[in-house]
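Observations on the three-dimensional arrangement
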Amino acid sequence: MATRGPQPTDGTAAGLPRVVPFDVPQVTRLSWELGSRVVEDGVELGTWERVGGAWTLSIFRATSETVVLRFQTPAGRERFYGAAEMDIDSVRPELVSAPEWEQSE
């Protein structure tokens, strides 16, 4: 799913939605079918909701080294991204301390 190689420079690199308070060096956009299948079997590591907006971010463990980020947009659509768990762990403090995002219980 997630790779740790160089990013393409031709504009084809995946990027997280702009509402996210952090940047991850390597993410892979997943199809809805693959993403929904992975999170169905994955362990949820946390969910955050954007204050005053309808965005939701959930993080799921996919393998021992990778996670899947599920974004639910204001329109109710789901977007999925794969990333290395160590990359998400390094930016999680930015998400936790972001005043515009609150962790759900």
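What comes next is a walk through the structure. (Residues numbered from 1 in each chain as written. Predicted model: local features only at pLDDT ≥ 70, side-chain atom pairs only at ≥ 80, totals over all residues. Heavy atoms only, no water.)

Before going further, it helps to examine the packing of aromatic side chains. Tallying each qualifying case throughout the model produces two aromatic pairs. Judged by centre distance (6.5 Å) and plane angle (80°), the ring pair of W55 and F71 falls under edge-to-face. Of the two residues, W55 is situated in the loop between β2 (43-50) and β3 (56-61) and F71 in strand β4 (residues 66-72); the sequence distance between them amounts to 16 residues. The interplanar angle of 80° and the centroid separation of 5.7 Å between the aromatic rings of F71 and Y81 together place this pair among those described as edge-to-face. With a gap of ten residues between them, F71 in strand β4 and Y81 in strand β5 (residues 78-84) connect regions that are remote in the sequence. According to the relative accessible area criterion, Y81 is buried, its value standing at 1%. (Phe/Tyr/Trp six-rings, centres within 6.5 Å; stacked < 30°, edge-to-face > 60°. Helix = DSSP H or I, 4+ residues; strand = E, 2+ residues; numbered from the N terminus. Buried < 20%, exposed > 50% of the residue type's maximum accessible area, 1.4 Å probe, protein only.)

What follows concerns the environment of E94. Tracing the backbone through its elements, the reader meets E94 in helix α2 (residues 85-97). Residue classification places E94 among the partly exposed residues on the basis of a relative accessible area of 37%. Excluding residues within four positions of it along the chain, E94 makes contact with P21 and F22. (Contact = heavy atoms within 4.5 Å.)

Among the seven residues that make up β4, six are buried, leaving the element largely enclosed by the rest of the structure. Between β3 and β4, which pair antiparallel and follow one another directly, the connecting turn spans four residues. In this sheet, β5 lies alongside β4 in antiparallel orientation, the contact comprising seven bridges. Of the residues in β5, the one forming a bridge with T66 is A84. The hairpin formed by β4 and β5 contains five residues between the paired strands, and G76 there has a positive phi angle of roughly 90°. (Pairing = 2+ DSSP bridges.)

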